[in-house]
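# An overview of the molecular structure
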Amino acid sequence: MTYQPRIFRGLWGCTVLWGLCAGLPAMAEEAPPSVHADGSPKLNYVLGAVVSNGPDYAGGDGRSSHLSPSWALEYGRFRLSTSRGSTLMGHGLEQRESGATAILAESDRFSLSASLRLDNGRKNSDSPRLAGLPEVRSTVRARVSAGYAITPRWSVGAGLSQDILGRDGGAQLNTSVSYTLPVTQQTRMVFGAGASFGDRTYLRARFGVPAVAGGAGAARLPAYEPGGGLYSVDLGVDVMTALNRHWVVWGGVGVSQVQGDARRSPLTVRPTGYSASLGLAYRCCR
């Protein structure tokens, strides 16, 4: 079976899955409108930082910590952002795309967007186990995403992306479902589950081990070439609290598990990985 049927069967069966941080209309309605009195768009922005800890790579047995900026600029239907900065642009837990994004269609329940985003790939220095393997080259991905709020608390969505620079990045599909729990007027919790799919090119770059003379892998591991399909499922919870009109603090924990051909890869040492993040940001001018 080729990878295309697997991916689109996954979209059919798992459209009920999308994002650890997907937001809902009820939350958006509480935020001040993003337009001036005359109807012209406002320039909104988010500036902050997030510290995170997680596996050194999907399936790896090491861990790494990072301190990274969290920011976003928004004007009308256009946005430039990091992923976390973009989610904080609204009330704090709306799922938004990182990179350069244009909202194609939007209503109280449905949204459709297109974006260009940088995929940083993977370096051999990320883990000793990757030494000797070809690096996963950074590339630019074009992505189309759709989201739908089933109720004021339940939301689903899906996003399909493609490497547009021909750097062996392949195609990737993410689907997820989330439930938002208002704890207080200032605090929200989001529980989410997700599934990720990749074509053969995507999985080969991240979980494959190329063969060399004699049949051994490039990193003295068994040669391995995965096919396309489901490669990861995840669960998580995020909490966001508005300290005042502008300042927000958030944190999240998650667990992900490598699946399918990716799990059988010699690079997958620990198929289940845990992650955590904590951040602070300033928002203006909604």
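Here the structure is a predicted model, which is why all the values come from computation and not from measurement. (Residues numbered from 1 in each chain as written. Predicted model: local features only at pLDDT ≥ 70, side-chain atom pairs only at ≥ 80, totals over all residues. Heavy atoms only, no water.)

## So, the overall build of the chain
What counts is decided by this rule: Per the convention used, a helix needs a DSSP run of H or I reaching at least four residues, while a strand needs a run of E reaching at least two, with both numbered from the N terminus. Only protein chains enter the accessibility calculation, which uses a 1.4 Å probe; a residue is then buried when its area is under 20% of its type maximum, exposed when over 50%, and partly exposed in between. Surface exposure here means Shrake-Rupley accessible area, sampled with a 1.4 Å probe, where a residue is shielded only by the protein chains that are shown.
A tally of regular secondary structure across the chain gives 5 helices and 12 strands. For the chain, the residues scored as buried account for 45% of the 286 residues in total. Summed over its atoms, the accessible surface of the chain is roughly 13900 Å², and 60% of this surface lies on carbon and sulfur atoms.

## Points about the pairing of strand E9 (residues 187-198)
On a regular strand, one side chain projects to one face of the sheet and the next to the other, so that they alternate. Stated precisely, the cut-off is as follows: Note on pairing: DSSP must find at least two bridges between two strands before they are called paired.
Burial analysis of E9 places 10 of its 12 residues in the buried class, which makes it a mostly covered element. Here strand E8 (residues 171-182) pairs with E9 via 11 bridges, running antiparallel. The residue bridging Ser 176 from the neighbouring strand is Gly 194, located in E9. In the sheet, E9 pairs with strand E10 (residues 229-242) via 12 bridges, with the strands oriented antiparallel. What sits directly across from Met 189, in E10, is Val 239.

## Looking at the pairing of E8
Most of E8 sits inside the fold, with 9 of its 12 residues counted as buried. Sheet topology places strand E7 (residues 154-163) next to E8; 9 bridges connect them, and they run antiparallel. Bridge pairing links Ala 158 to Thr 175 in E8. The antiparallel pairing of E8 with E9 creates a hairpin that spans 4 residues between the two strands.

## Describing the pattern of salt bridges
Definition in use: What makes a salt bridge here is a side-chain nitrogen of Lys or Arg within 4 Å of a carboxyl oxygen of Asp or Glu, nothing more.
For the structure shown, the criterion picks out 7 salt bridges. Residue Arg 206 pairs with Asp 119 through a salt bridge whose shortest N-O separation is 3.1 Å. Pair noted here: Arg 206 is in helix H4 (residues 200-207) and Asp 119 is in strand E5 (residues 110-119), with a separation of 87 residues, a long-range link. No difference in accessibility class separates Arg 206 from Asp 119, as the two residues are buried. In this structure, Arg 264 engages Asp 261 in a salt bridge whose closest nitrogen and oxygen atoms are separated by 2.4 Å. The network of salt bridges with shared partners includes Asp 119, Arg 141 and Arg 206.

## Comments concerning the sheet that holds strand E3 (residues 78-81)
The strands making up a sheet associate through backbone hydrogen bonding, with each pair oriented either parallel or antiparallel. The condition is simple: Note on method: axes are straight lines fitted to C-alpha atoms, helices fitted across the in-contact stretch only, with angles between N-to-C directions ranging 0 to 180 degrees. Every residue pair with non-hydrogen atoms within 4.5 Å of one another is taken to be in contact.
One closed barrel accounts for 12 strands, arranged E1-E2-E3-E4-E5-E6-E7-E8-E9-E10-E11-E12; its pairing is antiparallel. Strand-to-strand twist across the sheet, computed as the mean angle between neighbouring axes with direction ignored, equals 20 degrees. The sheet strands contacting H4 are E5, strand E6 (139-149), E8, E9, E10 and strand E11 (247-258), and the helix crosses E10 at an angle near 80 degrees.

## Comments concerning the side chain of Asp 119
This is how the line gets drawn: Polar contacts, as used here, are pairs of N or O atoms within 3.5 Å; protein pairs need one atom able to donate a hydrogen and one able to accept it. Residues neighboring in sequence count only if both atoms are side-chain atoms.
Residue classification places Asp 119 among the buried positions, given a relative accessible area of 11%. At 2.9 Å, the side chain of Asp 119 and the backbone nitrogen of Gly 121 are in polar contact. At a separation of 2.9 Å, a polar atom in the side chain of Asp 119 contacts the side chain of Arg 141. Each residue touching Asp 119, except ones within four places of it in the same chain, is listed here: Ser 138, Thr 139, Arg 141 and Arg 206.

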